[in-house]
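# Observations on the three-dimensional arrangement
Single-letter residue listing:
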Amino acid sequence: MVSKQNPLHFFPVLLPVGIVGATVLKFAINLPYWDDFMVHSHLISMKSEPGLVQKVSRLFDQHWEHRILWTRIIFSLYYKLTGELNYIGLTLIGFSGLLLLGGLLYRAFRKTGLPVYYFLPVTFWLFTLQSHENLTWAMASIQNFHVLVFIFGAYYLLALNTRPAFFGALIPASMACFTSGNGILCFVAGAIVLVLLGHYKRSMVWALAGVVCAFLYFFDYQRINFFPSAFRYGLFTWVKAFFVFPGGFLDTYPYTRPVAIGYNSPTYLTFALGLGLFASLLILLFQGLIKPRFFSRRLSTFQPTFWDIFFGCGILFLLGTDAMLVYARVGFGGAEYMLQGRYKVYSPLFLSLCYLYFLWRNREDVRLPAYWAVVSLITIPVSLYSDYQCLESLVNQQRKAIAGYLTWRLQTPIQNQKTFESVFPRPDLPLEIPASVRAEAGTVPKAKVDQVMEEPFYYQLFRKNSVNPDWDRPEEGSFIILNGRDSIYVFPARPLRPYSLPDSLMGRVKKNGYFTDAFQAQIPKESLKPGTYRIGLLTSRNRSIRYSITPVVIRYTTPVFQ
């Protein structure tokens, strides 16, 4: 065993952690985003319950397909301890889950006895901006990162293979069930490995605990029936999606269709990597668990190591999550939908577990430094390039949060706003809506949009020679105002990267730093009430705000999901 590490070796290992951490601090904003509004409102509703029992029972309320007990506990405790919600603080708590997950993998890696630089690929896989959706979205980061901490924390304890650690593992495993929908798979994968190892009594206790958690999870459960069915696609798409999911690390772009502009996600690369990982993990599972348990002459003397158990449980959980996600989400957009930013943490976990278990099994191989060098030389450039590409998504997500909050203010009655702000004082916004938006002052159009296209689920607006932000000041730039008789909506105009420009505009659009001076705005129809809307353009530059209307009018008559 290696007892002493060279401190200099920690610097490159921690470099991606520093990059992602600094980026989170840069782009996190004290505003609720998307489902944050639902969790926030639920907290206010829970506060009004008359007794402690009623309040605690509300923590188990269903959120879409999930029971997000842990997320609700974090929101409640944060409010209780500080007196108000702060979405930067909540986001950092969520991000701490990714740090803890990396720490768990490092503790497991230390059992190989190898120098710390062998851990380098793991941090460059795990800490990338590919997980952009989770990184600056409070409730999503708490749910999607912390569930993995509970699951791999449970497997770490299970792999210690002692009686106290086994019973201790039941606690994080149970919490995982009530953190995210795939948490129940923690018990499924663990029970399979315990049976394979011949630990039948422990497997029965583990399975019984899982059954109890599943019963509580599905008690009074309401099935979500309006999500698109996976059966919209055929078996080929299902199989493709199953392999695209673990190979997601090779997709360095931030978005998939229809949000992707100017590119298609390289599903052929992610499929190939996923297929290779699947073949590798089958070989590793056979060599580590199946062969010595069922095909060895020394069956009675087989003693599984920490890494045999940890890898077996972890990889079976990831495969179960893969299958579950294909069934639950492929209907939204086919195999490409598996490359959404909120799911991108799973491909690094597939890679990390296979790589670390390979290190363990070959730790005395003289060729190990060569293997490490090849993996590192492939991993580091891809990781850093994806960081550069995915900066775009962090800029856009902050702009979406600002626009979403402004729309909520415009749409929500004053009394309801006051109730909402009872746990979240109104923040100082980098952008405010001028009074001229409501009054439509200056009815003569003074702005223009170069192109408006209607698609089945979106309106697409395009303009060149526009005011755009840079990644350093994401709150500036252009916002689209939809001004109707009864409703006003704010949408962020998405500054286009050079690769997003159509061929007809190449050379006619200027590049202003990271972005060009063109934008494209996507207005989802599902967020609009039927009506007629005049399009306005709100621009912000150096804290100077200007609003102008355009001659463009859109008429939205039929709800998209009617």
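Check the entry above for the structure.
Read on for a plain summary of the structure.

About the cut-offs
Residues numbered from 1 in each chain as written. Predicted model: local features only at pLDDT ≥ 70, side-chain atom pairs only at ≥ 80, totals over all residues. Heavy atoms only, no water. Helix = DSSP H or I, 4+ residues; strand = E, 2+ residues; numbered from the N terminus. Buried < 20%, exposed > 50% of the residue type's maximum accessible area, 1.4 Å probe, protein only. Contact = heavy atoms within 4.5 Å. Pairing = 2+ DSSP bridges. Polar contact = N/O pair within 3.5 Å; in protein donor to acceptor, adjacent residues only side chain to side chain. Core = buried A, V, L, I, M, F, W, Y, C linked by side-chain atoms within 4.5 Å. Salt bridge = Lys/Arg side-chain N within 4 Å of Asp/Glu carboxyl O. Phe/Tyr/Trp six-rings, centres within 6.5 Å; stacked < 30°, edge-to-face > 60°. Lys NZ or Arg CZ within 6 Å of the ring centre and 35° of its normal. Axes fitted to C-alpha atoms, helices over the stretch in contact; angles between N-to-C directions.

### Regarding the side chain of Ser 386
- Residue placement: Ser 386 occurs in helix H16 (residues 368-411).
- Looking at Ser 386, the relative accessible area reads 0%, which means it is buried.
- Not counting residues up to four positions away in its chain, the partners in contact with Ser 386 are Thr 128, Gln 130 and Thr 252.

### Comments concerning the pairing of strand S5 (residues 477-484)
- Counted residue by residue, S5 has 8 buried out of 8 residues, so it is predominantly covered.
- One ladder, built from 8 bridges, connects S5 with strand S11 (residues 531-541); its direction is antiparallel. Residue pairing in the sheet places Ile 481 in a bridge with Gly 536 of S11.
- Pairing between S5 and strand S6 (residues 488-492): 5 bridges, direction antiparallel.

### Comments concerning the environment of Asp 61
- Within the element layout of this structure, Asp 61 appears in the loop between helix H3 (52-58) and strand S1 (62-63).
- Residue Asp 61 is classed as partly exposed on the basis of its relative accessible area of 23%.
- Considering only alpha carbons, one finds Asp 61 and Tyr 221, 160 residues apart in sequence, at a separation of 9.1 Å.
- In contact with Asp 61, other than residues within four places in its own chain, are His 42, His 66, Arg 67, Ile 68 and Arg 72.
- Of the polar contacts made by the side chain of Asp 61, one reaches the side chain of His 42; its length is 2.9 Å.

### Considering the sheet that holds strand S4 (residues 458-463)
- Reading across the sheet, the 4 strands line up as S3-S4-S10-S7 and stay open at both edges, with antiparallel pairing between neighbours. Looking at which strands have only one partner, the edges of the open sheet turn out to be strand S3 (451-454) and strand S7 (494-495).
- Across 6 bridges, S4 lies against strand S10 (residues 519-524) in antiparallel orientation. Along S10, the bridge assignment pairs Gln 460 with Gln 522.

### Examining the nonpolar core
- The biggest cluster of nonpolar side chains holds 150 residues, and the ones touching the most others in it are Phe 152, Trp 206, Trp 307, Phe 310, Phe 311 and Phe 317.
- Among the elements that line this core, the one with the most residues is helix H8 (residues 138-159), at 16 residues.
- Here Phe 152 is in contact with Leu 101, Leu 104, Phe 310, Gly 314, Phe 317, Leu 349 and Leu 353, once residues within four sequence places are set aside.
- Counting 19 residues, the second-largest nonpolar core is a separate cluster that includes Tyr 459, Leu 482, Phe 519 and Ala 521.

### So, the pattern of salt bridges
- Evaluation of the coordinates by the stated rule reveals 15 salt bridges.
- A salt bridge links Asp 251 to Lys 344; its shortest N-O distance comes to 3.4 Å. Highlighted residues: Asp 251 in the loop between helix H12 (235-244) and helix H13 (267-294) and Lys 344 in the loop between helix H14 (306-333) and helix H15 (346-361), separated in sequence by 93 residues. Across the pair, Lys 344 and Asp 251 agree in class, each one buried.
- Its salt-bridge partner being Arg 367, residue Asp 365 comes within 3.1 Å of it at the nearest N-O pair.
- One continuous salt-bridge network, built from bridges that share partners, spans Glu 49, Arg 58 and Asp 61.

### A short note on unusual backbone geometry
- A positive phi angle is found at Trp 34, which is not glycine, with a value near 55°.
- Mapped onto the fold, Trp 34 is located in the loop between helix H1 (10-27) and helix H2 (36-47).

### Digging into the packing of aromatic side chains
- All told, the structure shown has 63 aromatic pairs when counted by the stated rule.
- With a centroid separation of 5.3 Å and an interplanar angle of 20°, the aromatic rings of Phe 332 and Tyr 337 are classed as stacked.
- With relative accessibility at 14%, the residue Tyr 337 sits in the buried group.
- Pairing Tyr 489 with Tyr 533 gives two aromatic rings, centres 5.8 Å apart and planes at 70°, and the pair type is edge-to-face. Here Tyr 533 lies in strand S11 and Tyr 489 lies in strand S6, a separation of 44 residues in the sequence. Each of the two residues, Tyr 489 as well as Tyr 533, counts as buried.
- Through pairs of rings, three or more aromatic residues link up here, namely Phe 152, Tyr 155, Tyr 156, Phe 306, Trp 307, Phe 310, Phe 311, Phe 317 and Tyr 357.
- One cation-aromatic arrangement involves Arg 363 over Trp 360; the distance from NZ or CZ to the ring centre is 3.6 Å.
- Its guanidinium or amino end placed over the ring of Tyr 459, Lys 525 lies 5.1 Å from that ring's centre, counting from NZ or CZ.

### Observations regarding the sheet that holds S11
- Sheet architecture is open: 4 strands sit in the order S6-S5-S11-S12, paired in antiparallel fashion. The sheet is open, and its two edges are formed by S6 and strand S12 (544-556), each paired on a single side. Between one strand and the next, the sheet's axes are offset by a mean angle of 25°, whatever the strand orientation.
- Taken strand by strand, H16 contacts S5 and S6, and its axis lies near 175° from that of S6.

### Side note on the environment of Leu 69
- Here Leu 69 lies in helix H4 (residues 69-82).
- Relative accessible area serves as the criterion here: at 8%, Leu 69 is assigned to the buried category.
- Along the primary structure Leu 69 and Leu 15 are separated by 54 residues, whereas in three dimensions their C-alpha atoms are 33 Å apart.

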